[in-house]
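Spelled out from the first residue to the last, the chains are:
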Amino acid sequence: MQPPTTGRPTEVPSPTISRRAAAMSGFVAAGVALAAGELAAAAVDSAQSPVTAVGSEFIDRFAARLKELAVRLFGTNDKKALVTGIVVVSLILGIVLGLAARRRWIAAPLGFAAFGAVGAWAMSTDPQGTTSDAVICAAAAVLSGVAAFGLLWRLARPSAISIRPPQDPSPSATPVGTPARIRQTIVDRRAFLAGTAGLAVVAGSATAWSRRVRSADTVAAVRRSTVLPRPRRSTLPPASQPFDAPGLTPYVTATDDFYRIDTALLTPQVDPAGWILSLKGMVDSPFSITYDELLAMESVEETVTIQCVSNEVGGHLVGNAVWQGVPLSALLDRAGVRDGATQIVGRSVDGFTAGFPTAAALDGRTALVAYAMNGEPLPADHGFPARLVVSGLYGYVSATKWLESIELTTWEDFDGYWVPRGWSKEGPIKTMSRIDVPSNDAELVAGPQPIAGVAWAPNIGIERIEVQVDDGGWIEAELGRTASDDTWVQWHLAWDATPGRHRIQVRATDATGYTQTAVRADPAPDGATGWHFRDVTVA
Ligand SMILES: Nc1nc2c(c(=O)[nH]1)N[C@H]1C(S)=C(S)[C@@H](COP(=O)(O)O)O[C@H]1N2
Ligand SMILES: [Mo]
C-alpha cells in the first residue's frame, strides 16, 4: 500500500489495485472478450471467428513459408496448437493490459479496442468472413472485455470505510488518544474472487458452446439425404486381389482412413443449397451451376490414387478412392476454352487456389469435378460439395476441395496458393513405391516371409516392382490387380528369410520405362524421391 503523499495525515491512501488483482482482471477480461467473439460468430453463423481468422491469416502469411513447418502444419494437431497459441498470447496480452491499467486506466480499454481491431481486420479480409460479421464479433469482444475488466477493477479496488476501533474489554489495554472512529481501506477479496470465477465460468461455457455449434458437421445431415445419380460409366476396383499379407495397405482406402491435408483451420461447412460452381475466365460462355444441376449432369466413377507433395518416401499422405463426378472436360466444353488459356485454376470457398496446365484436363486423363468418394457424397473434410481430382498431379496443384470456381487463365498470369510459398509450379506425381510388410525393425523368424506394399504412378501405371535384400540382386515382385493406370498397385514377394539383420529395398518402374531414382530428395519443392527401405532382424 502506498503511503499518503499529500493532504492531511488522516486522509485515506489513494486506492491502488494490487498487481495480482490487476493481472487477474486483465486475464479474465481477455478470456471474456475471446468468448464473446466466439459467441457472436456462432450467433451470426460466421465461418470464421476473430480467433480462427487470425489463425488462418497466420497460416497464410507466415507458417506456410517455412517449408519444413509447412509439411507438418497441416496435421490437425498443429492447427489445435495454433489456436491454443493464439488464445494463450491473447490472455497474456490481457495480463499486460491489466498491469498497464494500474498506471493509466485508459490503457485497458484502448488495448482491448486494438485487440478487437486486429480480429476484425483478419475476419473481414478472410475469404470466409464478411465485414459486417467482423464488426459484430469484434464489437461484442471489445465491449464484453471492457465491461468485464471494469467490473473486476471495481471489485478489486480498495474501498475506504470508516470503522469503530475494536473495544478492548480490558480498559488498561486501551491506549490513550484512540479515536472513536478510524478510516481504513479494505478490499472485498471474496467479491473479487467470486467475480473472476463467475466470469471465467461464463466465458468458458460460452466458448465451449460456441465451439460445438461452429465445428458441428452441418454437412453430415445434408450428405445423408443426398441421393447420388447413377454414373454412366464406372471403373471399379477389381473384386479380389491375388495375394494378401497382414499389414498390406488395402487397394481402396476407406474414407475414414484417407489422409487429409489442407490449410483450413476449421473445415468449411458448405451448404449445397447456397452453393454454385462457376466456370469463368478465358472462356466463350462463362456459366454457373447449382449442386442439383451438377448432380444432374452425366457422371462417371473412376478409381484414382491421389498424393500430397509433402509425402515423404514411405509416407502415408497418399490414398486410393473411387471418385464420382463430372468430367472436367464436359464443363470446359460447355464453357468453350479460348485459345491461349493455358492454365486451369480451381478456387475454394476458403480462398485456397490450385492451378495446372489446361492440357492436363484435355489429354484424356481422368480429371473430375468429383462430388462423391467411395460411393458416398464427399465428407466435409474431403471437400463437400465438390472438389477436383486430376490423375497424376499432386493435390496442391490440382485437387481443390470446397470448389467454388474454375477459372481459365494463362500459365503466366496466376500462381496457385503454394507456388509463391516455394513449391514448384508444376506438380506431376513422381513414380513411387512403399514397403508395408514387414514393418520397420520387425523381428521375424527364418523361413518364408511376405514382403509387400503398394506402388503408384497415377495416369501412367506401374510396370514392374523389384525388391532387393541387402546387396543381393533385384528380384521382381508379383503385382496385384488394378482398376486402371490411375491407381496404385499392390505388390508382393515371397521371401525366404535367413537369420541376421537385413535391409529390404524396393523400386518401381513405370509404364514409360522410368525406374525410380535412388537419389534421396526431400518433398520440397516438387516431391520426394528415393527408394523406400526397411530394416529387419531375422532370428
Ligand atoms: N480448399 C483446399 N483444397 C485443397 C487443399 C487446401 O489446402 N485447401 N490442399 C490440397 C492438397 S495439398 C492436397 S494433398 C489434397 C488433399 O486432399 P484430401 O485432404 O482429400 O486427401 O487437397 C488439396 N485441396
Ligand atoms: Mo498436398
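Remember, it's a predicted structure, so these values are computed and weren't measured experimentally. (Residues numbered from 1 in each chain as written. Chains lettered and ligands numbered in written order. Predicted model: local features only at pLDDT ≥ 70, side-chain atom pairs only at ≥ 80, totals over all residues. Heavy atoms only, no water.)

**Here's the deal with the packing of aromatic side chains**
In this structure the tally under the stated criterion is 14 aromatic pairs. A centroid spacing of 6.2 Å and a plane angle of 50° characterise the contact between F112 and F149, whose relative ring orientation is tilted. Here F112, found in helix α5 (residues 107-125), pairs with F149, found in helix α6 (residues 131-156); they are 37 residues apart in sequence, far enough to count as distant. Overall, the relative accessible area of 1% leaves F112 in the buried class. Accessibility expressed as a relative area gives 1% for F149, which makes it buried. Between Y417 and W418, the aromatic rings sit 5.0 Å apart at their centres with planes inclined by 75°, giving edge-to-face as the arrangement. Classification of Y417 as buried rests on a relative accessible area of 8%. Take W418: its relative accessible area is 7%, and that puts it in the buried class. (Phe/Tyr/Trp six-rings, centres within 6.5 Å; stacked < 30°, edge-to-face > 60°. Helix = DSSP H or I, 4+ residues; strand = E, 2+ residues; numbered from the N terminus. Buried < 20%, exposed > 50% of the residue type's maximum accessible area, 1.4 Å probe, protein only.)

**Notes on the pattern of salt bridges**
Counting across every chain of the model gives 18 salt bridges. Note that D262 is salt-bridged to R260, the shortest N-O span being 2.8 Å. Judged by its relative accessible area of 21%, R260 is partly exposed. D381 is paired through a salt bridge with R260; the nearest N and O atoms lie 3.4 Å apart. Of this pair, D381 sits in the loop between β11 (376-377) and β12 (387-390) while R260 sits in the loop between β3 (233-235) and β4 (276-281), and the two are 121 residues apart along the sequence. According to the relative accessible area criterion, D381 is partly exposed, its value standing at 30%. Via salt bridges that share partners, K79, R260, D262, D381 and K401 belong to a single interconnected network. (Salt bridge = Lys/Arg side-chain N within 4 Å of Asp/Glu carboxyl O.)

**Points about the confidence of the model for the chain**
Across the chain, the average pLDDT comes to 91, with 91% of residues at 70 or higher. For the stretch residues 1-14, pLDDT sits under 50, and the model shows 11 contacts to residues farther than four places along the chain or on other chains. (pLDDT = per-residue confidence, 0-100. Contact = heavy atoms within 4.5 Å.)

**Some words on the sheet that holds β4**
Strand order across the open sheet formed by five strands is β5-β4-β13-β8-β9, with mixed pairing between neighbours. The open sheet has two edge strands with one neighbour each: β5 (287-290) and β9 (353-357). On average, each strand axis in the sheet is inclined to that of its neighbour by 15°, with strand direction left out of account. Looking at chain direction, β4 and β5 are connected through four bridges and run antiparallel. If you follow L279 over to β5, its bridge partner there is F287. Packed on one face of the sheet, helix α10 (residues 328-335) meets β4, β5, β8 (343-348), β9 and β13 (403-409) and runs near 135° to β5. (Pairing = 2+ DSSP bridges. Axes fitted to C-alpha atoms, helices over the stretch in contact; angles between N-to-C directions.)

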